Amino acid sequence: MSKKASSEKQASRNSQTQGTDFFDTHIAQYERALQHIDVLPHVRLILGQPKNEIIVNFPVKLDNGEYQLFTGYRIQHNNIMGPYKGGIRFHHDVTLNEVKALAAIMTYKCALLEVPFGGAKGGVALNVHKFSRSEVEKITRRFTHDLGNNIGPEYDIPAPDVGTNSQVMVWMMDTYMNMHNLSDKNAQRRIVTGKSLTSGGSRGREKATGQGVVYSIQEWADENNFRLDGATYTLQGFGNVGSHAAAILSKLGASLVAVMDHTGSIANEEGINVRKLTEHVKATGGVRGYTSCNDVTADEFWAMKCDICIPAALELQIDERVASMMNCRLIVEGANGPTTLDGERVLIEKGIEVIPDLMANAGGVVVSYFEWVQNKRSESWQLQEIDERLHFMMRRAYHDMRAFAREHNTDNRTAAYAVAVGRINSVYGERGIFP
Ligand SMILES: NC(=O)C1=CN([C@@H]2O[C@H](COP(=O)(O)OP(=O)(O)OC[C@H]3O[C@@H](n4cnc5c(N)ncnc54)[C@H](OP(=O)(O)O)[C@@H]3O)[C@@H](O)[C@H]2O)C=CC1
Ligand SMILES: O=C(O)CCC(=O)C(=O)O
């Protein structure tokens, strides 16, 4: 049996034994959308589970000379629309079920945005804060090596997610290139996206997810005659997505009044200086201890009165209890899956609108697609062109989602899923399935 087939078989056995929360939440959201569209019976079945679940266990020699065994995942949910695509997460809470949900979300995100990719996600269960740079490099290279031919520039293309960045992507690219005897080395750089500019990355990818969050907010603001200049917002997570969204919102005159990361929560009703906070986080590793702010509890953070809340950290953060405390008009999901089913029910009851993950955080994969195209064609696009293309695609998807929501009287998440699943269903309908 090929390595690929054997790891798929082992993985699907393992999937029976994992916890279910985030994946179940995703499935419930997907099934809610199915009530509003006609979907072929076999398409319902296909989309209900990932196509491939790859699990690799690999040892790495740490700086102290001891070996540690790591577990890595690559879940390939669907590729009817194009090559599998999605980030790699390094976080201690990574589980098979989490990565399954994240991979499925990628499938629908790409379909909603009309990015010609399918959906995948990967992860390794580790706390990056506890490993040295050289250990993270070894873990990355060993993981990439063990994924082997399960990834490829026309087959499955990783990107950054929580706990990974452009450096991790460059290590993945370099390992992959060293493993394969490739003739057109430069074009093969598209094995990963989210690389550094010097190693073949795209202008605008680093800020792309945060930029897309802001484009989504601007569409909502236009639709609702809402002025962003002077608006207040709160932010959970000050990493890639959160910090870039905040930097762009500052330029538009919006005021950050509270921010939370794993080190704590801080607030200032008069507004927090995003540039100075960014310097503080770079220097200290977290928002805690930033001057000119009060320390607040997590409950006080969530209850803070503001116009917009941007969760940009992890999934399942806004549950029933948190939602009942919230005092904002709009939630914009920079993170994937931050709202639970019960949380969403309470938000709907309270009339708080949600721009869901599929829409709000799609800027990252859109510019990843631009990076992949640039690598393939040996081109280097200017930032203005990238921003304009991204803006166009975000606006188009936003209005597709809103048009469905209005026509079928649904919430935005149901509409986003329905538009995406409808497109995938049409392709399966035209192509049929191999018997
Ligand atoms: N990067 C991308 O392009 C994309 C990311 N996303 C999604 O956006 C979210 C954030 O990703 P990204 O910004 O890349 O990740 P990063 O690792 O850059 O940042 C994550 C942020 O969340 C904080 N955080 C982690 N755990 C907690 C916690 N328990 N409570 C509060 N804050 C916490 C982190 O703090 P600390 O660093 O101190 O641990 C950090 O500030 C994820 O859901 C991801 O899937 C979606 C689309 C694209
Ligand atoms: O840039 C990409 O390819 C994927 C980004 C990602 O993982 C996500 O959108 O959740």
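Note that the coordinates shown come from a computational prediction; the quantities given were computed from them, not determined experimentally. Within each chain, residues carry numbers counting from 1 in the order of the written sequence. A letter from A marks each chain and a number from 1 marks each ligand, given out in the order of writing. Reporting in this predicted model follows two pLDDT cut-offs: at least 70 for local features of residues, and 80 or more for side-chain atom pairs to be given and counted; totals over whole chains, interfaces and linings ignore these cut-offs and use all residues.

1. Considerations on the overall build of the chain
The helix count covers DSSP runs of H or I at least four residues long, the strand count covers runs of E at least two residues long, and both are numbered beginning at the N terminus. Regarding its fold elements, the chain presents 16 helices and 12 strands. For the chain, whose C-alpha radius of gyration is 21 Å, the value lies close to the compact-globule estimate of 22 Å for 435 residues. With the C-alpha coordinates of the chain rotated into their principal frame, the extents come out at 60 × 55 × 45 Å. Every C-beta atom is placed from the backbone, and the number of other C-beta atoms within 10 Å of a residue's own sets its class: buried at 20 or more, exposed at 12 or fewer, partly exposed in between. Among the 435 residues that make up the chain, the fraction classed as buried is 51%. Throughout, a residue-residue contact means that the two C-beta atoms, derived from backbone geometry, are no farther apart than 7 Å. Look at the contacts in the chain between residues 6 or more apart in sequence, and 72% of them connect residues 24 or more apart. Here the radius of gyration uses the C-alpha set of atoms, whereas the globule reference equals 2.2 Å times the residue count to the power 0.38.

2. As for the UniProt feature "site: Important for catalysis" (unreviewed entry) in the chain
Residues annotated in UniProt with the feature "site: Important for catalysis" (unreviewed entry) correspond here to Asp161. Judged by C-beta crowding, with 27 C-beta atoms within 10 Å, aspartate 161 ranks as buried. Look past the residues within four positions of aspartate 161 in its chain and what remains in contact with it is Gly87, Ile88 and Arg89. UniProt positions are given in the numbering used here, feature names are shortened, and annotations may be inferred rather than shown by experiment.

3. Here's the deal with the site of ligand 2
To decide whether a residue is near a molecule or strand, its C-beta atom is placed from the backbone and checked for lying within 6 Å of it. If you check the shell around ligand 2, you find 14 residues, and the closest are Gly87, Ala159, Gly364, Val365 and Ser368. For the shell around ligand 2, the secondary-structure elements that each account for two or more residues are β3 (84–90), α4 (96–113) and α14 (363–377). For the shell around ligand 2, the residue count by class is three nonpolar, eight polar and three charged. Three categories are distinguished: nonpolar for Ala, Val, Leu, Ile, Met, Phe, Trp, Tyr, Cys and Pro, charged for Asp, Glu, Lys and Arg, and polar for the others, with Gly belonging to the last.

4. Digging into the site of ligand 1
In the vicinity of ligand 1, 25 residues are found, and the nearest of them are Gly237, Gly239, Ala313, Ala335 and Gly364. Mapped onto the shell around ligand 1, the elements with two or more residues apiece are α8 (240–251) and β7 (255–261). Tallying contributions element by element places α8 first for the shell around ligand 1, with three residues. Considering only residue class, the shell around ligand 1 consists of nine nonpolar, 14 polar and two charged.

5. Regarding helix α5 (residues 133–147)
In an α-helix there are 3.6 residues to a turn, and that puts residues three or four apart on one side. Spanning 15 residues, α5 covers 21 Å between terminal C-alpha atoms, matching the ideal 21 Å at 1.5 Å per step. Listed in full, the buried residues belonging to α5 are Val136, Ile139, Thr140, Phe143, Thr144 and Leu147. Across the axial projection of α5, the buried residues extend over an arc of 125°, all falling on one side. If you follow the buried residues of α5, they end up packed against β1 (52–61), β2 (67–78), β4 (119–124) and α6 (166–179). Two residues or fewer after α5 comes glycine 148, characterised by a positive phi angle close to 55°. Multiply 1.5 Å by the residue count of a helix minus one, and that product is the helix's expected span. The arc in question is the one traced by the directions running from the helix axis out to the C-beta atoms.

6. Some details on the sheet that holds strand β11 (residues 330–332)
Paired strands, in this sense, are two strands between which DSSP finds at least two bridges. The strand order across the open sheet formed by seven strands is β9-β8-β7-β6-β10-β11-β12, and the pairing between neighbours is mixed. The open sheet has two free edges, formed respectively by β9 (294–296) and β12 (353–355), since each of these has just one partner strand. Going from strand to strand, the sheet's axes swing by 20° on average, the running direction of each strand aside. Examined bridge by bridge, strand β8 (residues 264–267) and β9 share three bridges and lie antiparallel to one another. Opposite isoleucine 266, over in β9, you have aspartate 295 as the bridge partner. Every axis in this analysis is a line fitted to C-alpha atoms, fitted for helices over the stretch in contact. Angles between the N-to-C directions lie between 0 and 180 degrees. In the packing of helix α7 (residues 205–223) onto the sheet, contacts are made with β10 (308–311), β11 and β12, and the angle to β11 comes to roughly 155°.

7. Notes on the domain arrangement of the chain
Taken domain by domain, the chain comprises domain 1 (3–200) and domain 2 (207–360). The centre of domain 1, based on its C-alpha atoms, is set 27 Å off from the matching centre of domain 2. Contacts between domain 1 and domain 2 engage 12 residues on the former and 10 residues on the latter. Sorting the residues of the side of domain 1 that touches domain 2 by element identifies α2 (21–34) and α4 as the ones contributing at least two each. Element by element, the count of residues in the side of domain 1 that touches domain 2 is highest for α4, at six residues. Of the residues in the side of domain 1 that touches domain 2, the class split is eight nonpolar, two polar and two charged. Throughout the structure description, domain borders are defined by an automatic or database domain assignment.

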